[in-house]
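Listed here are the chains, written in short residue letters.
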Amino acid sequence: MRNRWLSPIVVVVLAAVIALGAVFDPSGLAAPYTWTGADLLPVAGLWQVAAPAVYVPLLLAGVGALTWAVARGRAPLRTALLVWGAVVWSAMAAKLLMSLAMTFDDVLYLVWSTGFTGVKAAVFGLPVAAAAWLAQLLHRRLVPPPPTSASAGPAEGSGASASAGPAEGSGASAPGWAAAGVAVVLAASVGGVWWGGSPVGYAIGDSPLAPAPEAGPLGCLAAVALLGVLTWASHRRFSATTSPRAVVAGLSALGAAGTLGLVEVAVGIPGDLAGGGLFWAPAIMLRLAPALSFGALLALATALLVALLDATRPARRGVALAAPIPMAVVVAAAALALPLLQPGATTAQPPPRTPGLTLSADRRIVDTDGNEVLLRGVNVNQLEDYFQQFQDKAVTRPLTEADFAGMARMGFNVVRLALSWSALEPQPGHYDPAYLAKISWAVETAARHGLRTVIDMHQDAWGKGVAAAPGTTCATGSPMHGWDGAPTWADRFDGAPRCEFTGRDISPAVARAFTNFYQDRDGIQTRLVAAWGMLAERFANEPMVAGYDLLNEPGFGEAPPITSGVLLGRYYDRAIKAIRAGERRGFPHLVFFEPSVLWSGLGFEVPVPKDFTDDRLIVFAPHLYNESITIEQGTGLTVTSIERGFELASRAAKYYGAGLWSGEWGWFGDPAAAPIARYADQEDRHRIGGAFWVWKQSCGDAHASAGAETGGNLMIEDCATGRDLPPPAEYVAELSRPYPRSAPGRLTGLTSDRASLTARGEGSGCGLDVWFPGDARPAVRGTGLSGVAVRQAPGGWRVTGCTSGSYSVTADA
């Protein structure tokens, strides 16, 4: 007997959960719905109202309809579980349709990413399921069961009825086996894409149990078989109801996939614990999300198949023979068609040789002679256009030749030069010639001191215009001051509160501004893309420009990972195409791309799609702030350790077929307690470079506090006098440690400390160039070396020479 009140009760409880989540979490990162408080009118496009106009109504309607369908049983727990599944599936389906309202780019990524909505829905669906359980319990106690008779058919809960068809076991078992067959076919066909090949495959791809090649033959076979068994068993468990069999079969399949995800979590926990920190906690989400999005797809396929079986089944006679026939046809067709969803095999093409830096076939940064180059240096923010937080202090310190000379004395060979779009293009289409001259001067001066330049389009929390008006009060968080980045003519906040919610980047105004940027509202993204084309044309023939960093710590927008994944990737692709067009009369430079700011705060992220560009000169450049300024550090806990952070970044770069470089790191606080030596060890272990944040910071910088001196940077400023103070000795010692600036062929091993280095490599050539700090001439020895020369340089020594075949070089004071 149907509980007619169950569906309205469930919908009301769900609506209350959505409303409460929107109030307490305007970011939407944890809540079921993102409500930034921005104005809904005027509507610039469907994407602007996709959440309230598409996601919420479809979620409520889907849960209401599925609950109505399963409200016939009298077993409270079974009904509650089916309602829970209905919330999870409906949330993912609604999120997919909302995503399609925002963009049609990379539909497979959009389908896959619904799994994160599924994880959240599994949490906020718990009170909804509890309400369903209580409603069914009261219904069973207050409403007597209907009388049974021959004419009425089997009793409620027996698993059969006149309308439901024959009992399980006489041919009705076919849906269970059909569902298991669909699960096996789907997992075998697209498992590699859904798990190891997914945007979080870098974090979970080595799971010992997953329907993906990365798990190995046994792990993959076991996962596929387990999914089939779980699907059959789940269907059998929930089929004892008079609810529509197609609905029950679909929700059972979703539950089976979710159970597989939980098994993967349990199997993966030992490995997650071995890396240190609390990474096992977010790893639960990262492992469950692919399983749930796959389960949503499996649920739909299973429901359709069972509906087809029911539609083609004769009334009574011959069911046991007839039912498997359409099942076999559909499963066979799926087995033939679904492998088409796998990405086609591509042959990796070596990047082009250029007068500047390029990438080797195995994605290492190399120079024109094929020498591997480690880019190690520092960020420079002295050309940035910061918000004036303290009216009596300058926002930046002057950039002079003495700065570049000081960097060279520390052994650096690269600077990441931060630019501000607001200073570059103060009016739409108008580039400031004076600012361009400063950029050119910085590139040329750095080159004179042996420093390459990565040109970085910098921003923090969107721009200066995010500052709250005087007297602003915030329901959550505190009023924001301005930051740096976008010009005010590009601001599109739409009335969203300019308040910090647990941090500057988790601000409703910042989220709305980035969403508008990603959607290219009023052509604002097109303007920045054009600016990149202009810069690329200006430096098209400059070999000392190492490359271009497309956007510093991009905001995640209002609908991650749609905004921070698909739409961010679309911007990157447009910017890269503009850069290549600008370089037509020169040569191509490296392009550095970053995950969203969430990586800097968490140590991992759901990044842009794998195929966001077909360009091959790309370098993945996350900011490795692990154990520094990641959001959990204020609690005294560590989620993603320094060591795991490097490992995750390395896997992500491999996923993209890209080089790897840490665009920012540091900011550890007290230099005496900073784990900078551990960071340096990992740089050597992974044989990569990076840029320390930051060379000089002004006491008037938006990052600065009202303290006596700046902190976190190398060149300290006394805020009372404006004088330079000595840089922290601990930082200087580690940042100046020995390293190979370049090495023939490829480096195969590297270890160093403050006074010694051992490097191993394979390759022949005369491009060996090792930096060694200090006044004492280093003693050099090794194998496979010839023509070794040791000459003094500002701040230390340069060891140069030739190598042949496998070689090693050791230098110590």
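Below is a summary of the structure that appears in this document.

### Regarding helix α17 (residues 562–582)
At 3.6 residues per turn, the α-helix brings residues three or four places apart onto the same side. Its 21 residues place the ends of α17 29 Å apart at the C-alpha level, agreeing with the 30 Å of an ideal helix rising 1.5 Å per residue. The largest bend in α17 is about 30°, located at L568. Across the 21 residues of α17, 17 count as buried, placing the element largely inside the fold.

### Observations concerning the packing of aromatic side chains
The geometry of an aromatic ring pair is captured by the separation of the ring centres together with the interplanar angle, meaning the angle of the planes. Within this structure, the stated rule accounts for 31 aromatic pairs. Relative to F116, the ring of W112 lies with its centre 5.5 Å away and its plane at 70°, an arrangement referred to as edge-to-face. One end of the pair is W112 and the other is F116, both in helix α4 (residues 107–142) and four residues apart, which spans about a single turn. Classification of W112 as buried rests on a relative accessible area of 3%.

### Remarks on the nonpolar core
Within the largest apolar cluster, 185 residues are counted, with the highest numbers of intra-cluster contacts made by L424, W532, Y571 and L714. A total of 12 residues in this core trace back to one element, the largest contributor, which is helix α9 (residues 280–312). Setting aside chain neighbours within four positions, we find Y571 in contact with F517, Q525, L528, V529, W532, L550 and L551. Listed in part, the 17 residues of the second largest apolar core include L374, A759, V790 and A811.

### What about the pattern of salt bridges?
Taken as a whole and assessed by the stated rule, the structure comprises 39 salt bridges. With a closest N to O distance of 3.2 Å, R364 and E372 form a salt bridge. According to the relative accessible area criterion, E372 is buried, its value standing at 5%. Its salt-bridge partner being R504, residue D505 comes within 3.2 Å of it at the nearest N-O pair. In this structure D505 comes out as buried when scored by relative accessible area, which is 18%. Among the charged side chains, a salt-bridge network with shared partners connects R416, D456, D549, E594 and E664.

### Quick look at the pairing of strand β10 (residues 590–593)
As a general feature of sheets, a regular strand has side chains that alternate between the two faces. Burial along β10 is two-sided: L590 and F592 facing one way and V591 and F593 facing the other are all buried. Note that β10 and strand β11 (residues 618–620) share three bridges and pair parallel. The residue bridging F593 from the neighbouring strand is F620, located in β11.

### Examining the sheet that holds β10
In a beta sheet, neighbouring strands pair by backbone hydrogen bonds and run either parallel or antiparallel. Pairing is parallel in the open sheet, where nine strands are placed in the order β12-β11-β10-β9-β6-β5-β4-β14-β13. Two strands lie at the open edges of the sheet, namely β12 (659–660) and β13 (662–666), each paired on one side alone. By the bridge criterion, three bridges tie β13 to strand β14 (residues 690–693) in an arrangement that is parallel. In the strand pairing of β14, G666 is matched with W693. Taken strand by strand, helix α20 (residues 676–686) contacts β4 (376–380), β13 and β14, and its axis lies near 155° from that of β13.

### A few points about unusual backbone geometry
Negative phi is the rule for most residues except glycine; trans is the rule for most peptide bonds. Between L41 and the following residue, P42, the backbone shows a cis peptide bond with an omega angle of 0°. Mapping P42 onto the fold places it in the loop between α1 (6–24) and α2 (50–70). Backbone geometry places T502, a non-glycine residue, at a positive phi of 65°. Along the chain, T502 turns up in the loop between β8 (499–500) and α15 (508–518). Using a relative accessible area of 67% as the deciding quantity, one classes T502 as exposed. One non-glycine residue, D520, adopts positive backbone phi at about 55°. Along the chain, the position of D520 falls in the loop between α15 and α16 (524–538). Judged by its relative accessible area of 23%, D520 is partly exposed.

### Remarks on helix α14 (residues 433–448)
In a regular helix each residue adds 1.5 Å, so 16 residues correspond to 22 Å; α14 covers 23 Å between its end C-alpha atoms and thus fits that length. Within α14, the full set of buried residues consists of Y435, L436, I439, S440, A442, V443, T445 and A446. Close packing links the buried residues of α14 with α12 (401–409), β5 (414–420), α13 (421–424), β6 (452–458), α16 and β9 (545–549). Its side-chain oxygen at 2.9 Å from the backbone nitrogen of A434, D432 defines the N-terminal cap of α14. G450 lies just past α14 and shows a positive phi near 75°.

### Here's the deal with the environment of R616
On the secondary structure map, R616 appears in the loop between α18 (597–602) and β11. Taking the C-alpha atoms as reference points, R616 and A361, separated by 255 residues in sequence, lie 9.9 Å from one another.

### Overview of the packing of helix α3 (residues 76–102) against α4
At a minimum axis distance of 5 Å, the contact between α3 and α4 shows a crossing angle of 150°. The orientation of α3 with respect to α4, classified from their angle, is roughly antiparallel. Every pair of crossing elements has a handedness; the one defined by α3 and α4 is right-handed. Residue classes in the contact of α3 with α4 are distributed as 23 nonpolar, eight polar and two charged.

About the thresholds
- Residues numbered from 1 in each chain as written.
- Predicted model: local features only at pLDDT ≥ 70, side-chain atom pairs only at ≥ 80, totals over all residues.
- Heavy atoms only, no water.
- Helix = DSSP H or I, 4+ residues; strand = E, 2+ residues; numbered from the N terminus.
- Expected span 1.5 Å × (residues − 1).
- Bend = angle between axes of the 7 residues up to and from the residue.
- Buried < 20%, exposed > 50% of the residue type's maximum accessible area, 1.4 Å probe, protein only.
- Phe/Tyr/Trp six-rings, centres within 6.5 Å; stacked < 30°, edge-to-face > 60°.
- Core = buried A, V, L, I, M, F, W, Y, C linked by side-chain atoms within 4.5 Å.
- Contact = heavy atoms within 4.5 Å.
- Salt bridge = Lys/Arg side-chain N within 4 Å of Asp/Glu carboxyl O.
- Pairing = 2+ DSSP bridges.
- Axes fitted to C-alpha atoms, helices over the stretch in contact; angles between N-to-C directions.
- Polar contact = N/O pair within 3.5 Å; in protein donor to acceptor, adjacent residues only side chain to side chain.
- Parallel < 35°, antiparallel > 145°, perpendicular 65-115°, else oblique.
- Left-handed = near helix turned anticlockwise from the far one by under 90°.
- Nonpolar A, V, L, I, M, F, W, Y, C, P; charged D, E, K, R; others polar.

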